[in-house]
Amino acid sequence: MKKLLSIMLAGIMALSLVACGSNSSKDEKTKLTLATSADFPPYEYIADDQSFVGIDIEIAAALAEKLELEFEVINMDFNSIIASVSSGKYDIGMAGLTVREDRLQSVDFTNSFATGVQAVIVKEDSPIKTVDDLYAEDATYKIGAQISTTGAIYFADDIENGKTKCTLNEFKSGADAVSALTSGKIDCIIIDKEPAKNFVSSNEGLKILDTEYAVEDYAICVKKGNTDLLNKLNTALEELKADGTIATIIEKYIPTK
């Protein structure tokens, strides 16, 4: 009886070890999921072959390779990115995202990997000549911006604080805002300078003001408290900066020569 009991216990222990090994393998992370809004060239957009391309996409792919993970892009509305990462549904968010105090309440951010400039698009015959014109005492312009972007947030704050009498119109995408501008529904658009260049080059009669609206740093958001992933991403980012990978990716989409 004792011998039989010993054999049974040994069998149970063996099965337990197999089960533990199976669970650890199952729980081991194999994929890095990126939440983005692919309507923000040259940072993220959909190519003619329907693939996702852009600065953020390539940097995220390089990070996944560094971390030896598969890579998947999930496209969504810009204003859904923070919530989807905050809930843990997806691992990281990149879409020309900048670090802001309100966003830090929901997610954590990596070190910055690029600098962005918020610019203003107007029609070529617009009476708006500089950013200061939006804050003139008698200014009542209709300002356009993509919903939940820093341009929209900054200008909404300025309206709330009584710095301008202009009004803000938010759009689902930058392209929607451009359509509203060309049709005369709004007077200008606040948007990142690089996407602004793309919109101006593909829409006759538009230009970018010489004066900048804001300068900010781009970073990657992760679920708040996920320090393991955050530290791994920061380490990988520094390595990609050091070996020139990030500079090469940015130069590919925003040539300086």
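Placed above this text is the structure.
This section reports on the structure supplied with the text.

The rules behind these values
- Residues numbered from 1 in each chain as written.
- Predicted model: local features only at pLDDT ≥ 70, side-chain atom pairs only at ≥ 80, totals over all residues.
- Heavy atoms only, no water.
- Helix = DSSP H or I, 4+ residues; strand = E, 2+ residues; numbered from the N terminus.
- Phe/Tyr/Trp six-rings, centres within 6.5 Å; stacked < 30°, edge-to-face > 60°.
- Pairing = 2+ DSSP bridges.
- Contact = heavy atoms within 4.5 Å.
- Axes fitted to C-alpha atoms, helices over the stretch in contact; angles between N-to-C directions.
- Expected span 1.5 Å × (residues − 1).
- Buried < 20%, exposed > 50% of the residue type's maximum accessible area, 1.4 Å probe, protein only.
- Salt bridge = Lys/Arg side-chain N within 4 Å of Asp/Glu carboxyl O.

1. Some words on unusual backbone geometry
At the junction of Pro-41 and Pro-42, the peptide bond is cis and its omega measures out at 5° in the coordinates. Within the secondary structure layout, Pro-42 lies in the loop between strand S2 (39-40) and strand S3 (44-46). The phi dihedral of Gln-50 is positive, around 70°, even though this residue is not glycine. When you line up the elements, Gln-50 lands in the loop between S3 and strand S4 (52-53). With a phi close to 70°, Ser-148 is a non-glycine residue in the positive phi region. One can find Ser-148 in the loop between strand S9 (142-146) and helix H5 (150-160).

2. Remarks on the packing of aromatic side chains
Counted by the stated rule, this structure contains 4 aromatic pairs. Pairwise contacts between aromatic rings join Phe-40, Tyr-43 and Tyr-218 into one cluster.

3. Let's talk about the sheet that holds strand S7 (residues 107-109)
Read across the sheet, 5 strands follow the order S5-S1-S6-S14-S7 without closing on themselves; strand pairing throughout is mixed. Both outer strands of the open sheet, strand S5 (70-75) and S7, are each paired with one neighbouring strand and no more. Examined bridge by bridge, strand S6 (residues 92-93) and strand S14 (residues 221-223) share 2 bridges and lie antiparallel to one another. If you follow Ile-92 over to S14, its bridge partner there is Val-222. Strands strand S1 (31-36), S5 and S6 of the sheet are contacted by helix H2 (residues 55-66), whose axis makes an angle of about 150° with S5. Strands in contact with helix H8 (residues 227-242) are S1, S6, S7 and S14; relative to S14, the strand with the most contacts, it is inclined by about 155°.

4. Here we look at H2
Here H2 is 12 residues long and its end C-alpha atoms lie 17 Å apart, about the 16 Å a rise of 1.5 Å per residue gives. Of the positions making up H2, those classed as buried are Ile-55, Asp-56, Ile-57, Ile-59, Ala-60, Ala-62, Leu-63 and Ala-64. Positioned one or two residues after H2, Glu-68 has a phi angle of 55°, which is positive.

5. Here's the deal with the pattern of salt bridges
The final tally for this structure, using the stated rule, is 12 salt bridges. Ionic pairing is found between Glu-238 and Lys-241, a salt bridge with its closest N-O pair at 3.4 Å. Remark: Lys-241 and Glu-238 occur in helix H8; sequence separation between them is 3 residues, near one turn of the helix. Given the relative accessible area of 34%, Lys-241 is considered partly exposed. A cluster of three or more residues bridged by salt bridges with shared partners is formed by Arg-100, Asp-102 and Asp-157.

Note that every value here comes from positions in space, so none of it alone points to a role or purpose.
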